[in-house]
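# Coordinates in review
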Amino acid sequence: VVVVQGGARLHPVGLKNLGATCYLNSLLQSLYHNLIFRRAVYSWSPPAGTTDLNRDEDRVLLELQNIFADLQEGKAAYID
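Note that the structure is predicted; figures quoted are calculated from it, not measured.

## Re the packing of aromatic side chains
Counted according to the given criterion, the structure contains three aromatic pairs. Between F37 and F68 the ring centres are 6.3 Å apart and the planes differ by 65 degrees, which places this aromatic pair in the edge-to-face class. Here F37, found in helix α2 (residues 35-43), pairs with F68, found in helix α3 (residues 56-73); they are 31 residues apart in sequence, far enough to count as distant. Residue F37 is classed as partly exposed on the basis of its relative accessible area of 31%. In this structure an aromatic cluster arises from ring pairing among Y32, F37, Y42 and F68.

Calculation criteria
Residues numbered from 1 in each chain as written. Predicted model: local features only at pLDDT ≥ 70, side-chain atom pairs only at ≥ 80, totals over all residues. Heavy atoms only, no water. Phe/Tyr/Trp six-rings, centres within 6.5 Å; stacked < 30°, edge-to-face > 60°. Helix = DSSP H or I, 4+ residues; strand = E, 2+ residues; numbered from the N terminus. Buried < 20%, exposed > 50% of the residue type's maximum accessible area, 1.4 Å probe, protein only.

Following this line, the structure appears as structure tokens:
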């Protein structure tokens with residue numbers, strides 16, 4: 001349960017530990033809190049003319065954007 005006061009979330013959204021994922025979760029959350037890195041991730045877009053994200057790098061960055069967005073805008077205590 002997220003504590004909300006005056007429309008503001010008081011506790012950050014976390015990542016659910018799916019068993020031995022705590023190290024990766026802490027890395028992702030640390031990267032999320034680095035504002036320069038987060039802005040760089042958010043500003044990324046697929047190369048011009050790309051319609052299919054076949055490259056691993058493209059898929060990783062897209063999923064990282066999704067995770068960061070969930071951490072930023074999530075309404076639950078953690079994302080699964």
